[in-house]
Amino acid sequence: MVPVSYYFALSAILFTLGALGVLIRRNAIIVFMSIELMLNAANLLFVAFARTYGALNGQIYVFFVIAVAAAEVAVGLALIVAIFRSRQTVNLDEISSMKG
Amino acid sequence: MQSFHLVPWIVFLPLIGFLLNIAFGRRLGERGAALIAIAASAGAFAISVLQYLSLNAHPEGAVVHLAEWIGIGALSIPWAFRVDTLSVTMMLVVSGVGTLIHIYASGYMSYDVRYKEDPGSYTRFFIYLNLFIAAMMVLVSGNSYLMLFVGWEGVGLCSFLLIGFWYNRNPDGKKGLLNSQAAKKAFVANRVGDFGFLIAAFAIFWAFGSLSFDEVLPQAGTVAPAVVLLITLALLLGVTGKSAQLPLYVWLPDAMAGPTPVSALIHAATMVTAGVYLVARSAPLFAAVPEAQTAVAIVGGLTALFAASIAVAQTDIKKVLAYSTISQLGFMVAAVGVGAYVAGMFHLVTHAFFKALLFLGSGSVILALERAHHPLPDDPYLPKKKKKHDDHHGHGHFDPQDMRVMGGLRKQIPLTYWLYLIGAVALAGLPPLAGFFSKDEILTDALHANPLVYLLLTAAAFLTAFYMGRQIWLVFFGEPRSHAAGHAVESPPVITAPLIALAGLSIFGGLLNFPGWHPLTDWLEHTLRHDLAHATVFNPGVAGFSTLLAVVAIYLSWQLYGRQPLKERQPDPLKKRLGRLFTAMENKWWVDELYFAAIINPYKRFAAFLADKVDWDFWHDWVHDSLIAKGFRNLAHFLANPVDLGVIDGLANGLARAAQGLARVLSLLQTGFVRNYALVTFLGVVLVLGYLVFSS
Amino acid sequence: MTGDLLLFFGLAIVAVAAAVGMLASRNAVYSALFLIINFATIGVFFLLLGAPFIAMAQVTVYAGAIMVLFLFVIMLLGAEQVQQPGGGGWQRPLAILLAVALVVETAVLIFGGGASQAILPAASDYGNPQAIGMELFSDFLLPFEITSVLLLAAMVGVIVITKEDRKKPE
C-alpha cells in the first residue's frame, strides 16, 4: 500500500505549484485556476487522511469544499467579467486601484 | 417685682423710634417726629428705672439671653444683656440725660434747621439721635467684649453722622466741608482707638478662650501678667480714642461742629464716657497689673491738665466746654486708673449732669444771640409776637459762639444765666454742688494712690475753676459787646425746662455718693469686686485745699475779666500777663499742627510717594509697562516666533512630515497589485510553517 | 515496488506535470486544459483512496462544470494571451524562492518524523454514496442546507455583478 506520506508529499507539491501560479502569473484567470489547484491539493490530503483514519468526515468536507469552490468560481469569474468590462484587461499588473 | 426680662427693650424701643421716624418721620412733621423720638428715649429710661427697681430687690443682677449671635465650634457669642449695678447706672444716665436732651433738641433744632435753611433735616436729627441711644444701650448692656464693641462702633457711627450733621457747611454756618472733615477726623481718630480695642479683644479671646464678662473677669488673676498688661494697654488705646484722652483727644474739639444737643449728649454726657465704663467694667483686669493702672492714671492726669490749659485761652463758648470735657474725662480716667472705680463712675454721673447742663446752656446762649442777630420770620416759638427787628445786623460775619461778642447777657437772659451759673459752679467744684463731691473723691483717692496724679489733677482743677470763671465773666457780665448781645432773647420753655431738670441734678447729684453715706459705693459693690469698690473716706484737707484753689482761681478770673469788663475788640488781658504761654494755649499747644507735621503730612507725602512714585512710576510705568507689558510682549514674541513657529510648529510639521515620509515609504508596500499582497501572505505562511516545523 | 506504488507514481507524475504545464503555458486555454488533466488525475486518486462519490463529484463539478466555465470566460473575454511585461522583476524570483522553501519545509515535516503510516484497506462500504448520504443528511444536515443557500446567493450575486447598468448615462 502507498504510505499516506506520499499523498502528503504530492499534495504539498501541487499546493506549492498552485501558490507559485498565483504569485507569478499575471493573467487573472490563470491565477484563479491556480487557486483551484491549491484547493484540489487540499482536497487530496483530506481524502487521504480520511482513508487513513477510516473516517468519512474528510470526504464530507471535500464535498463542501467542491460546493464552495463552485460558488467561488462562479462569483470570481463574474467579477473578472465585470472588471474586464470596465478596464478591458484581465492583467493583474494593470489593476492597481487598491493602491493608496 | 423682677423685670429683668424687659431689658432688651432699652435697645429695641429707641430702635423702633428710629425705624418709625425713618418710615414716617417726614409725614409726621416736626412735632410728631420729635414726640416719637422722645417717647422712645423716655421708654428706654422707664425700662432702665424698672431695672433699677429690680436690682434693688435682686442686687446680684442677671444675664438676659436674647439670641445666639455667633456660634462657631466651641466659640459661642450670644446677644446677652447684662443687668448689674454698673450697667444699670450707665443705662440710667444715658436714657435719663438722653431723654432731657431729646426734649431740648426738639426745641433747639426747630431753630437750627431754619437757620441752616434745611427744615427737612429735623427728622434726620432725631433718627440719628434714637439710633445713638440704641447703640449706646447695646454698649452698656452687652455681656461680652464683642457686644460692647458692637455698641462701641455703633456710637462711633452715630457720632460721625451727628458731627457731620450739617455736612455741607462750616462750623460758622457758611457753606463748606469743614464739618464733614471734623466728622472724618473723629472717625479716623476713633479708628486708631478701635484698633487697640480689637487687639485687646483678640488677646482676651486668645488668653481666656472667651469674650464673655462672666468668664473673663473672674479669671483675671490666672493669666500671665504680661498678657493682661498687653490686653489692658490695648484697651487703654481704645479708651484714649473713644474718651478723647492724650494722644487721640484731637477729634473732640472739632466734634463741636455738630449741633449743640449732640455736643451735650454724645460728646459730653454719654459716648465719651464709654471708655471710663470700659475700664470700670474691666476693673479685675486692670487691678491685676499695676503698671497698666499707672499708665491709665498718668494718661488721665496729663489729659486733665493739658486740656484744661487749652480751655483757658479759647474764645469759642463751645470749645471751652469741649476742652473742659476732655479735662474732666481725664479726671475720670485718672480715677479708674488709681483704682477709684466708684469715684470715677460717680464723677461720670455728675459730669453727665452738669456738662450736659453747660452745653445745653451754651446752646441756649448761642440761640439767644442768633435770634437777636437774625430773627426768624417764622419763629416756631414766638408766633408774630414781636415786631420785626431791623436786620441791618443780619448781614456780615457774625459768630454767635464767640464769647468776645457776648457780655452782659445776665440781664437779657436771666434764666439761662442762673442755670449756666449752677453748671459752672458745679464744674468748678465748689461745695455743695455735685462736682465738688465727685472731684474731691477722685482727688482724695489719687493722693493715696499716686501723688503725681494728684498734683496734675489739682492743677487741672485750679484751671477748671479759672476758665469757668472767665467764661461766666465774659459771657454774662460787663457790657454787651455786640448789638445781638444787647438784644438777646430768652429761649422758650421747651429749651429751658430740661436745663432746669439738669440744674436740679447738678445741685443734688452729690447726694449720690455723699461722704459717710455713699449709696453709690454700696450699689456698685454688687458688681465690682469688693476690694475694688471701697468707700472713700472724706478728707477735709483735700476738700478744703481744692475748694480754696477754686475760690482763688475764680477771684483771679474776676481780677482779669470781671473787675474791668472786656471792651469790644479788646484783646484778652491774660495775653499780656502770660505772653507766649497764652499764645501756645490759644493755639492748643499746636497739637493739631504737630500731628499734621509729624503724622498726617508725612503720611500724605508717603501716600503721594506711594501713589506717584511707587504706584505710578514704579508699579505702573516700570513694572506694568516696562516689565510686565514689554516683557510679556517680548515673551509673547519669543513664544510666537522661535518657540511656537519654530519648536511647536516645527514639531507638529516635523511629525506630519515624518508621518508623511513614513507613509510614503510604507505606501510603496501598498502597490495595489494583488499578487504582491498574495506574495506577502505566502511569505507569512512559509515563515509560520517554518517556525512550527523547525522549532519543535 | 508494488503495482500500487507504480500506479501512484505514474499518476503523480502526470498530475505534477499537468500542474507545471498549466503554470508554464502562455495560452490560457492550454492552461485550462492542463488543469483538466490534473483534476482528472486527482479524481483517479480519489477512487484509489476509496472515495468514489467524491471522485465522481470531482470529475463532474471540477473537470466538467467549473473548467467549462473557465474556458467559456476565457473565450468570451478573448484573454487567452496576456503580455508578460518585464516589470515587477523581484516578484518572480522571490516567489520561486518561497515555493522552494515551502517544499523543503513540508518535506521536513513529512519525512523528518520517521516511518510513515501506511494506508490500511478500508471497510467494504467505506466511502460509498450511501454512507456519504447518511452522513450528509444526519450529522451535516445544517451545513448541507447552508451550502444550498450559499449556492443560491452565489447565483444571485453573479447575476447582479454581471448585469449591465441600464442607467449608464453613455
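Shown above is the structure to which this text applies.
In this text, all values refer to a predicted model and were calculated from it rather than measured experimentally.

Peer 1: Is there a simple way to think about the overall build of chain A in this case?
Peer 2: When helices and strands are tallied, chain A shows three helices and zero strands. When the helices and strands of chain A are placed in sequence order, the string is α-α-α. Across the 100 residues that make up chain A, the buried fraction comes to 65%. At a minimum sequence separation of 6, the contacts of chain A that also span at least 24 residues come to 56%.

Peer 1: Where do I start with the pairing of strand E1 (residues 62–72) of chain B in this structure?
Peer 2: Walk down a regular strand and you will see the side chains alternate between the two sheet faces. Bridging between E1(B) and strand E2 (residues 75–83) of chain B involves nine bridges; their strand directions are antiparallel. Within the sheet, the bridge partner assigned to Ala62(B) lies in E2(B) and is Val83(B).

Peer 1: Any chance you could explain the pattern of salt bridges here in plain terms?
Peer 2: Once their charged atoms are close, side chains differing in charge can pair, the charge on each being opposite to the other. Residue and element names in this part refer to chain B. Under the counting rule described, the total for this entry stands at eleven salt bridges over all chains. Of the charged contacts, one joins Lys-185 and Asp-254 as a salt bridge, the two residues approaching to 3.2 Å between their closest N and O atoms. Here Lys-185 is found in helix H5 (residues 178–208), whereas its partner Asp-254 is found in helix H8 (residues 251–254), with 69 residues between them in sequence. Assessed through its relative accessible area of 24%, Asp-254 is described here as partly exposed. A network of salt bridges, in which partner residues are shared, links Arg-82, Asp-84, Asp-214 and Arg-281.

Peer 1: Would you mind showing me how to read the side chain of Ser25(C) here?
Peer 2: Note that Ser25(C) resides in the loop between helix H1 (3–24) and helix H2 (28–48). For Ser25(C), a relative accessible area of 8% corresponds to the buried category. There is a polar contact of 2.7 Å between the side chain of Ser25(C) and the backbone oxygen of Gly21(C). Among residues more than four places away in sequence, those in contact with Ser25(C) are Arg25(A), Tyr30(C), Ser31(C) and Phe34(C).

Peer 1: For this particular structure, what's the right way to read the interface of chain B and chain C?
Peer 2: Where the parts come together, the accessible area they lose is often given as the size of the interface. At the junction of the two partners, chain B supplies ten residues and chain C supplies twelve residues. Roughly 1100 Å² of surface becomes buried between chain B and chain C when both sides are summed, with 80% attributable to carbon and sulfur atoms. Along the contact surface separating chain B from chain C lie zero salt bridges. Class assignment for the residues of the side of chain B that touches chain C results in seven nonpolar, two polar and one charged.

Peer 1: Looking at this structure, how should I read the interface of chain C and chain A?
Peer 2: Listed per partner, the contact involves 84 residues of chain C and 69 residues of chain A. Summed over both sides, the interface of chain C with chain A buries roughly 7000 Å², with 77% coming from carbon and sulfur. Where chain C meets chain A, there are zero salt bridges. Our enumeration of links across chain C and chain A arrives at six residue pairs in polar contact (both at pLDDT 80 or more). Where the side of chain C that touches chain A is concerned, the elements lending two or more residues are H1, H2, helix H3 (52–77), helix H4 (91–111), helix H5 (129–136) and helix H6 (141–162) of chain C. The biggest single contributor to the side of chain C that touches chain A is H3(C), with 14 residues. Residue classes in the side of chain C that touches chain A are distributed as 62 nonpolar, 15 polar and seven charged.

Peer 1: Just checking my understanding: could you explain the packing of helix H16 (residues 414–428) of chain B against helix H20 (residues 493–508) of chain B for this structure?
Peer 2: The axes of two packed helices give the description: the angle between them and the distance between them. All names here are of chain B. Where H16 contacts H20, the two axes come as close as 10 Å, and the packing angle between them is 30°. Judged on the interaxial angle alone, H20 and H16 are roughly parallel. Handedness of the H16/H20 crossing: left-handed. Residue-level contacts link Leu-415, Leu-419, Ile-422 and Ala-426 of H16 to Thr-496, Leu-499, Ile-500, Ala-503, Ser-506 and Ile-507 of H20. Split by residue class, the contact of H16 with H20 holds eight nonpolar, two polar and no charged.

Conventions adopted
Residues numbered from 1 in each chain as written. Chains lettered and ligands numbered in written order. Predicted model: local features only at pLDDT ≥ 70, side-chain atom pairs only at ≥ 80, totals over all residues. Heavy atoms only, no water. Helix = DSSP H or I, 4+ residues; strand = E, 2+ residues; numbered from the N terminus. Buried < 20%, exposed > 50% of the residue type's maximum accessible area, 1.4 Å probe, protein only. Contact = heavy atoms within 4.5 Å. Pairing = 2+ DSSP bridges. Salt bridge = Lys/Arg side-chain N within 4 Å of Asp/Glu carboxyl O. Polar contact = N/O pair within 3.5 Å; in protein donor to acceptor, adjacent residues only side chain to side chain. Buried area = accessible area lost by both parts, 1.4 Å probe. Nonpolar A, V, L, I, M, F, W, Y, C, P; charged D, E, K, R; others polar. Axes fitted to C-alpha atoms, helices over the stretch in contact; angles between N-to-C directions. Parallel < 35°, antiparallel > 145°, perpendicular 65-115°, else oblique. Left-handed = near helix turned anticlockwise from the far one by under 90°.

The values reported here are purely geometric and, on their own, carry no functional implication.
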